[in-house]
Amino acid sequence: MDSSSLKVSLHWLISILVLVIFSTTYISATQPKMLPKLSVLGRTKFLRESLTTVSESNFQDFQTFYYNQTLDHFNYRPESYTTFQQRYVMNFKYWGGANSSAPIFAYLGGEGDLDYEMPVIGFLTDNAYQFKALLVYIEHRYYGESVPFGSREEALRNASIRGYFNSAQALADYAEVLIYIKKQLLAENSPIIVVGASYGGMLASWFRLKYPHVALGALASSAPILYFDDITPQNGYYTIVTKDFREASESCYETIRESWSEIDRVASEPNGLSILSQKFRTCNQLNNAYELKYYLEAGYTMAAQFDDPPSYPVTMICSGIDGAPEGRDVLSRIFAGVVALRGNMSCYSKNAAGFSIQTVGDTNSPDLSVETVEGWAWQRCSEMVMPIGRGENDTMFPPAPFNLTTFIHHCTTSYGVSPRPHWVTTYYGGHDIELILSRFGSNIIFSNGLRDPYSIGGVLKNISQTIVAIPTVNGSHRLDIVPAKSTDPEWLVMQRKAEVDIIESWISQYNADLHAMKK
């Protein structure tokens, strides 16, 4: 396995973990303002399987371009007309051409460098031949190479420049690039299908609603568009994590529930932190009990979120916990779960976003998480305020309710601006979504795996004949759009087939309408 493949997979996992990290960073006024640095997966069978699909990616058919993008699409001040280079990548290999009105599949980049997102998005390449589709991948502003004024650090440090870093500007970017591509290729009649996952999935669904004249339809994979305001219960995410573990093993679930108070008890003893550091084989001495608890929490949430077949990391953890020798104490069983997930290592290291490059043998690599962590931190502190928390005894985790006052204070201190917690639902909607979209929207697929904790904030049932939900009971986060494998279970194959069939029907209807108009 080469280092570039390793970096790609780690970056993708980091990007998704950041959604959890910055949704729970300020869930309690009693918790630290900054998260401890943690490492979660390391060398696990789960991660290796993800890397296998990445290493099979072939990029020789991809070409990189840059669009002279407008900094501010919504104002007419002199500085609004400043431009920056936005990167996009195209693959013409299977395209049927403009004359045949062959479709364009456009991936809308999320909170990360496009180089690390493209290889793990298999839906486009897997279906390009069948649809004779042109493939386009567009990088999100302020990530990767698409940063105004060249430096990401400078862009995030400068309050004036940072203000243009938001989802509405990003959607307008995508619209400009796609309209430009169609014009340059004389492909005005080629329908566009936008695809996105997680935050990118939210963008894809919103893009279809805001720019129906640009995109014929959208595939929004694992898009928690309803995890804003009070639409979804705050504890929803952790409720699903708890359900996943409890379904895997009741005794495993009970052991995890008991472990938090036991960690606190041991930590309160003389030399308690040293005892915990030795028991959990941490590479560095624990500074407090919270470090260990968050370390474990991050492992459990990631295992649930990416509970992919065939390894099923939730089952891996529970097999370790339940398989510990008889008579072992609670924390020894918990540590056995850590070993089952990450492998038997000499010590377990910690890193900013829950992953450590060093744990997989690449000691010279930079921390790929920094870009996503810093970028998403700003997005969370401006508009993406997802109130994820948990109460007393409603999950297998200790209580940590989301505290909006604390969150606002932190964001104001960090950036000099207050979050707008209701802006997403004001601008994009979300409340009474069935009533509103049943007569307003069309051609959106919301796909979710119900083992994914974020599915609780997704659209899980059909809204209309053309805004449809395709959930799978055993699916995990954005599993449907990763590269297909011969070992994929039948239910996953059928989920993808359903998505393809729906998209095919959209395009067929579009072509029929286009033909009728030309008569």
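Residues numbered from 1 in each chain as written. Predicted model: local features only at pLDDT ≥ 70, side-chain atom pairs only at ≥ 80, totals over all residues. Heavy atoms only, no water.

Pairing between side chains becomes possible if they bear opposite charge and their charged atoms approach one another. Enumeration according to the criterion identifies 23 salt bridges in this entry. Across the pair R77 and E79 runs a salt bridge whose closest N-O atoms are separated by 3.1 Å. Classification of R77 as partly exposed rests on a relative accessible area of 38%. The partly exposed category is assigned to E79, whose relative accessible area is 38%. Close ionic contact of K293 with D264 constitutes a salt bridge, the shortest N to O distance being 3.0 Å. (Salt bridge = Lys/Arg side-chain N within 4 Å of Asp/Glu carboxyl O. Buried < 20%, exposed > 50% of the residue type's maximum accessible area, 1.4 Å probe, protein only.)

With that settled, the discussion passes to unusual backbone geometry. Most peptide bonds are trans, and most residues other than glycine sit at a negative phi. Residue P309 is joined to P310 through a cis peptide bond whose omega torsion reads 0°. Looking at the secondary structure, you find P310 in the loop between helix 12 (289-305) and helix 13 (313-322). The residue K132 is not glycine, and still its phi comes out positive at about 55°. For R281, which is not glycine, the phi dihedral falls at a positive 55°. (Helix = DSSP H or I, 4+ residues; strand = E, 2+ residues; numbered from the N terminus.)

On the surface, L435, I436 and F440 cluster together to form a nonpolar patch covering roughly 350 Å² of accessible area. You can see L435 is positioned in helix 18 (residues 433-440). Overall, L435 belongs to the exposed group, its relative accessible area being 63%. (Patch = residues over 30% accessible without salt bridge, like charges linked within 9 Å, V, L, I, M, F, W, Y side chains within 5 Å. Areas by Shrake-Rupley, 256 points an atom, 1.4 Å probe, with all protein chains shown as cover.)

Before going further, it helps to spend a moment on the nonpolar core. Ranked by internal contacts, the top residues of the largest apolar core, which has 99 residues, are V194, F207, F245, L296 and Y300. The dominant element in this core, judged by the number of residues it contributes, is helix 7 (residues 167-184), at 9 residues. Not counting residues up to four positions away in its chain, the partners in contact with Y300 are V241, F245, I256, W260, I317, I334, M396 and F397. (Core = buried A, V, L, I, M, F, W, Y, C linked by side-chain atoms within 4.5 Å. Contact = heavy atoms within 4.5 Å.)

This part takes up the side chain of R208. With respect to the helices and strands, R208 occurs in helix 8 (residues 199-210). Here R208 occupies a buried position and makes no salt bridge, while the nearest side chain of opposite charge, D513, is found at 9.8 Å. Within the structure, R208 has its side chain in polar contact with the side chain of S442 (distance 2.6 Å). (Lys, Arg positive; Asp, Glu negative; His and termini not counted. Polar contact = N/O pair within 3.5 Å; in protein donor to acceptor, adjacent residues only side chain to side chain.)

What follows covers helix 19 (residues 490-518). If you check helix 19, its first and last C-alpha atoms are 42 Å apart, about what 29 residues at 1.5 Å a residue would give, namely 42 Å. Along helix 19, the positions that sit buried rather than exposed are L492, Q495, R496, E499, V500, I503, W506, I507 and L514. Here the buried face of helix 19 lies against strand 3 (104-108), helix 4 (122-131), strand 5 (192-197), strand 6 (217-221), strand 7 (444-449) and strand 8 (467-472). (Expected span 1.5 Å × (residues − 1).)

On to the environment of V424, then. Relative to the assigned elements, V424 resides in helix 17 (residues 423-427). Given the relative accessible area of 1%, V424 is considered buried. In this structure the C-alpha to C-alpha distance between V424 and M386, which are 38 residues apart in sequence, comes to 9.8 Å. With near-sequence residues (within four places) excluded, V424 lies in contact with W206, F228, E383, M384 and G429.

This next bit is on the packing of aromatic side chains. For the coordinates displayed, the defined rule picks out 26 aromatic pairs. For the ring pair Y237 and Y454, a centre distance of 4.9 Å and an interplane angle of 70° mean the geometry is edge-to-face. Of this pair, Y237 sits in helix 9 (residues 236-248) while Y454 sits in the loop between strand 7 and strand 8, placing them 217 residues apart in sequence. Y454 shares its class with Y237; the two are buried. Ring centres of F245 and Y300 lie 5.5 Å apart, and the angle between their planes is 75°; on these two criteria the pair is classed as edge-to-face. Of this pair, F245 sits in helix 9 while Y300 sits in helix 12; the two residues are 55 residues apart in sequence, bridging distant segments of the chain. Residue F245 is classed as buried on the basis of its relative accessible area of 0%. (Phe/Tyr/Trp six-rings, centres within 6.5 Å; stacked < 30°, edge-to-face > 60°.)

This part takes up the pairing of strand 2 (residues 83-91). Across the 9 residues of strand 2, 7 count as buried, placing the element largely inside the fold. For strand 1 (residues 62-70) and strand 2, the ladder comprises 9 bridges, and the chain directions are antiparallel. Within strand 2, the residue paired with N68 across the bridge is Q85. Bridge count between strand 2 and strand 4 (residues 134-138): 4 bridges; the pairing is antiparallel. (Pairing = 2+ DSSP bridges.)

Turning our attention to the packing of helix 10 (residues 250-267) against helix 13. Where helix 10 meets helix 13, the axes come as close as 9 Å, and the angle between the chain directions of the two elements is 80°. Between helix 10 and helix 13, the interaxial angle falls into the category roughly perpendicular. Residue-level contacts link S251, C252, T255 and I256 of helix 10 to C318, I321 and D322 of helix 13. When its residues are assigned to classes, the contact of helix 10 with helix 13 shows 4 nonpolar, 2 polar and 1 charged. (Axes fitted to C-alpha atoms, helices over the stretch in contact; angles between N-to-C directions. Parallel < 35°, antiparallel > 145°, perpendicular 65-115°, else oblique. Nonpolar A, V, L, I, M, F, W, Y, C, P; charged D, E, K, R; others polar.)

A few words on the confidence of the model for the chain. Taken residue by residue, the chain gives an average pLDDT of 87. The fraction at 70 or more is 85%. Taken together, the stretch residues 1-12 has pLDDT below 50 and engages in 38 contacts with residues farther than four places along the chain or on a different chain. A low-confidence stretch, residues 352-368 stays under pLDDT 50, and its non-local contacts, those more than four residues away or across chains, total 55 contacts. (pLDDT = per-residue confidence, 0-100.)

A word on the environment of I121. Among the secondary structure elements, I121 is positioned in the loop between helix 3 (114-117) and helix 4. Of the residues examined, I121 reaches a relative accessible area of 1% and is grouped as buried. Here the alpha-carbon distance between I121 and V195, two residues 74 residues apart in the chain, equals 9.5 Å.

What follows is about the sheet that holds strand 1. Reading across from one edge, 1-2-4-3-5-6-7-8 is the order of the 8 strands in this open sheet, with mixed pairing throughout. Looking at the sheet topology across the chains shown, the edges are occupied by strand 1 and strand 8. Within this sheet the neighbouring strands show an average axis-to-axis angle of 20°, counted without direction. Across the sheet, helix 4 lies against strand 1, strand 3, strand 4, strand 5 and strand 6, angled at about 155° from strand 4, the strand it touches most. Contacts between helix 19 and the sheet are confined to strand 3, strand 5, strand 6, strand 7 and strand 8, with strand 7 contributing the most and set at about 175° to the helix.

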